[in-house]
Amino acid sequence: MLQVENLIAGYGKVQVLQSISLNVAKGQLVTLIGSNGAGKTTTLRAISGMITPESGTIMLGGDNIAGLSTHQITRRGMAHSPEGRRVFPTLTVADNLELGAFPRLTGARPRGEVKADIERMIALFPRLGERRQQLAGTLSGGEQQMLAMARALMLQPEVLLLDEPSMGLAPRLVEEVFSTIARLKREKITMLLVEQFAAAALDVADYGYVLENGRISVHGPAAELKASPAVRAAYLGAAH
Amino acid sequence: MFEYLLSQLVSPVFWQLIASGVAVGMIYGVIAFGYQLTFATSKTLNFGQGEALMLGALVGLTVAPYTSYWLMLPVVAAFGLLQGSVVERLGVRQAIKIKSEAGWIMATIALGIIFKNLAENIWGRDDLKFPPPISEKPLSFHGVNVLPMELVIVAGAIIMMLLIELFNRRSIYGKAVVATSNDRDAAGLMGINTGLVITFSYALSSLTAAIAGVLVAPVTLTGATMGSALGLKAFAVAIIGGLSSGFGVVVGGLILGITETLTGYYFSTGYKDVPGLLLLLAVLSIKPSGLFGKSAIKKV
Ligand SMILES: Nc1ncnc2c1ncn2[C@@H]1O[C@H](COP(=O)(O)OP(=O)(O)OP(=O)(O)O)[C@@H](O)[C@H]1O
Ligand SMILES: [Mg+2]
């Protein structure tokens, strides 16, 4: 579904990603782990067009989307729940969810049942239901995170990029986020998950990539990575 | 002294001045509302907003004889949309892309001057009389005389701003505009073409100015220079009200409009701009974000 090949990207003259290749098959949950500053967020930003890649190809369902602008990439079915949540603070929870379906509402993607999907999101994240008419800026961090995920799902995406959905959450909420991700996986949603909780991410994922200083150092089936002594020593020690 | 003030409060003249102050103030408010529309989406504004008003009035004056004042409004609106888009494309887009602060300021001022010269060449340098669409006979409310056109100005301005507010709150495209104002990158992730949203906010901003132009034209004189002072005063209003608050700019407009008319009558027309400017200076030194604003002004 999503194939990234020899992706080079960065910020201005600073090159962060040094030729990344990764593959997310349809219906799979792939995780990208690595230490702070390794380039995980940069990878997702390059994929969704928030930064323009210097070179490389990004294939989404057969088309190269490298170099397209963010809104064009979204309209081709790439949803991105960005680092830091980035909900729209002066709009209500309901409006935030509706905007997630913007391409569907404006004819760029199959419309389907937007209203029913909002109800489905609220069933998935019941906390949002009680806060429907509340401004997103007044939600707690955990609630905003759920809103950001729900908003991305409203696209009915081909691929969902999740950047640290557990960041800054209380342990109980982290568990909740992971069980939601497991549920989305059962629903066959194609996902690329960036996580600081490497062990938990590898538990739920099918396949994993380890990013080190802008390069993929190891990759393999999630269970194998989890068993690998090198990965355990570097990434699973503290988080487990 | 006190008795004098009291006697003024019950005099019809005082209330008549308030009424014209409100009408003028609404125009300032509408133009400032336009500044705020583009500032919200792009943190830039069109310093040629006064010229957008002037062009609207002159285009309206040209079109009106062929139809009627009321049928001319949609034509002026369409012209405003077009003119605003041109300003954004030529003067602002590139500056936003390279994050140049001076770029859009210079470019919108320059475009404003070009529009003024253009208007002088097309419509001449003399002020023209805009035929009033409704009776010029004042209506009397308990001895207070109000021009019917003043009521049209106030109603027109309020309707226009309410429609825009309604659009922003209710329609998915309006919500896309608000989303772009909140967080441009995140709006892009929703599939919103934020560049187009910014063009649209410029178009809408010029539309409001152009309509404001045909609203004031019948009570003032119409000509190439009519917009300059209005644009500048509305800018002061935008600063007083706060560039982040649509409500604030209307209140700011009313404050300026009323102080001006009162000063003009009770002191001297020569001093009529002074209180408003003093107020501007006071706001800038005490609450630089504007009376109703968050912290927007530091960016200008
Ligand atoms: N906007 C930016 N401008 C310049 N450099 C940046 C910018 N954002 C990130 N970087 C740099 O790019 C590198 C990779 O950052 P990135 O955010 O991709 O890391 P990450 O793997 O997501 O880290 P974390 O786990 O802390 O989120 C870092 O060295 C960072 O300093
Ligand atoms: Mg990151």
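Residues numbered from 1 in each chain as written. Chains lettered and ligands numbered in written order. Predicted model: local features only at pLDDT ≥ 70, side-chain atom pairs only at ≥ 80, totals over all residues. Heavy atoms only, no water.

Help me get a handle on the interface of chain A and chain B, residues and values and all.
On the chain B side, the residues contacting the 22 residues of chain A number 17 residues. At the boundary of chain A with chain B, total buried surface from both sides reaches about 1800 Å², with 66% on carbon and sulfur atoms. The largest share of the area that chain A buries against chain B comes from Phe88(A), Leu99(A) and Phe102(A), three residues that together contribute 30% of it. Salt-bridge contacts for Lys175(B) lead to Glu98(A); the nearest nitrogen and oxygen are separated by 2.7 Å. At the junction of chain A with chain B, the criterion picks out six residue pairs in polar contact (both at pLDDT 80 or more). (Contact = heavy atoms within 4.5 Å. Buried area = accessible area lost by both parts, 1.4 Å probe. Salt bridge = Lys/Arg side-chain N within 4 Å of Asp/Glu carboxyl O. Polar contact = N/O pair within 3.5 Å; in protein donor to acceptor, adjacent residues only side chain to side chain.)

Outline the coordination of the magnesium ion (ligand 2), supporting the account with residue identities and numerical values.
Ideal values for angles at a metal depend on the geometry: 109.5 degrees with four tetrahedral donors, 90 or 180 degrees with six octahedral donors. All names here are of chain A. The coordination sphere of the magnesium ion (ligand 2) contains the protein donors Thr41 (OG1) and Glu83 (OE), at a distance range of 1.9 to 2.1 Å. On the criterion of sequence distance, the pair formed by threonine 41 in helix H1 (residues 40–47) and glutamate 83 in the loop between strand E6 (78–81) and helix H3 (93–100) is long-range, its members being 42 residues apart. Exposure remark for glutamate 83: the relative accessible area of 30% places this residue in the partly exposed category. (Donors = N, O, S within 2.8 Å, 3.2 Å for Na, K, Ca; no water. Helix = DSSP H or I, 4+ residues; strand = E, 2+ residues; numbered from the N terminus. Buried < 20%, exposed > 50% of the residue type's maximum accessible area, 1.4 Å probe, protein only.)

Got a sec to walk through empty space enclosed by the protein? Specific residues and values, please.
Applying the stated criterion across every chain yields a total of four cavities of 30 Å³ or more. Lining the largest cavity are Thr74(A), Ala79(A), His80(A), Gly100(A), Arg151(A), Ala152(A), Leu155(A), Leu189(B) and Met190(B). Elements supplying a minimum of two residues to the lining of the largest cavity: E6 and helix H7 (141–153) of chain A. For the lining of the largest cavity, the residue count by class is five nonpolar, three polar and one charged. (1 Å grid on protein atoms, 1.4 Å probe; cavity = no way out; pocket = protein on both sides within 12 Å on 5 of 7 lines; lining within 4 Å. Points joined across faces, edges and corners; volume = space filled by probe spheres on them. Nonpolar A, V, L, I, M, F, W, Y, C, P; charged D, E, K, R; others polar.)

Got a sec to walk through the pairing of strand E8 (residues 191–194) of chain A? Specific residues and values, please.
Residue and element names in this part refer to chain A. The side-chain alternation of E8 yields two buried faces, one formed by Met191 and Leu193 and the other by Leu192 and Val194. Bridge count between strand E3 (residues 29–33) and E8: four bridges; the pairing is parallel. Directly across from leucine 32, in E8, lies its bridge partner valine 194. Where strand E7 (residues 159–163) meets E8, four bridges bridge the pair, whose relative direction is parallel. Within E8, the position partnered with leucine 161 by the bridge is leucine 192. (Pairing = 2+ DSSP bridges.)

Go over the sheet that holds strand E9 (residues 207–212) of chain A, please, and point to the residues and values.
Residue and element names in this part refer to chain A. The strand order across the open sheet built from six strands is E6-E7-E8-E3-E9-E10, with neighbouring strands paired in mixed fashion. With partners counted over all chains shown, the strands left at the sheet margins are E6 and strand E10 (215–221), one partner each. Each strand axis lies, on average, 15° off the axis of its neighbour in the sheet, ignoring direction. The pairing of E9 with E10 spans six bridges and is antiparallel. Looking across to E10, one finds that tyrosine 209 is bridged to histidine 219. Running at roughly 160° to E8, helix H8 (residues 171–186) makes contact with E3, E7 and E8 of the sheet. (Axes fitted to C-alpha atoms, helices over the stretch in contact; angles between N-to-C directions.)

Go over the site of ligand 1, please, and point to the residues and values.
Residues and elements named next belong to chain A. Around ligand 1 sit 13 residues, and of these Gly37, Lys40, Thr41, Thr42 and Glu83 come closest. Alanine 38 has a polar backbone atom sitting 3.2 Å from an oxygen atom of ligand 1. For ligand 1, an oxygen atom lies 2.5 Å from a polar atom in the side chain of threonine 42. Notes on ligand 1: free accessible area 640 Å², of which the protein chains cover 61%. Ranked by residues supplied to the shell around ligand 1, first place goes to H1 with four residues. (Near = heavy atom within 4 Å. Areas by Shrake-Rupley, 256 points an atom, 1.4 Å probe, with all protein chains shown as cover.)

Tell me about the domain arrangement of chain A, and name the residues and values.
All names here are of chain A. Structurally, chain A comprises domain 1 (1–77 + 158–170 + 188–240) and domain 2 (85–156). Domain 1 and domain 2 are separated by 24 Å when their C-alpha centres are compared. Taken together, the contacts link 13 residues of domain 1 with 13 residues of domain 2. Of the roughly 970 Å² buried where domain 1 meets domain 2, counting both sides, 64% is carbon and sulfur surface. Contact with domain 2 buries surface across domain 1, with Arg75, Leu160 and Leu169 losing the most and accounting together for 41% of the total. Between domain 1 and domain 2 we count one salt bridge in total. (Domains from an automatic or database assignment.)

Describe in detail the nonpolar core, supporting the description with residues and values.
In this structure, Ile27(B), Tyr35(B), Leu53(B) and Met72(B) are the most contacted members of the largest nonpolar core, which totals 70 residues. Beyond its immediate chain neighbours, meaning those up to four positions away, Ile27(B) contacts Leu53(B), Ile153(B), Ala212(B), Leu215(B), Val216(B) and Leu230(B). Among the nonpolar cores identified, the runner-up in size contains 66 residues, and Leu91(A), Ala152(A), Leu193(A) and Leu189(B) belong to it. (Core = buried A, V, L, I, M, F, W, Y, C linked by side-chain atoms within 4.5 Å.)

Residue-level account of unusual backbone geometry, with values.
Residues and elements named next belong to chain A. At glutamine 156, a residue that is not glycine, the phi angle is positive and equals roughly 55°. Following the sequence through the fold, glutamine 156 ends up in the loop between H7 and E7. A positive phi is found at glutamate 164, a non-glycine position, where the angle reads about 45°. Mapped onto the elements, glutamate 164 comes out in the loop between E7 and H8.

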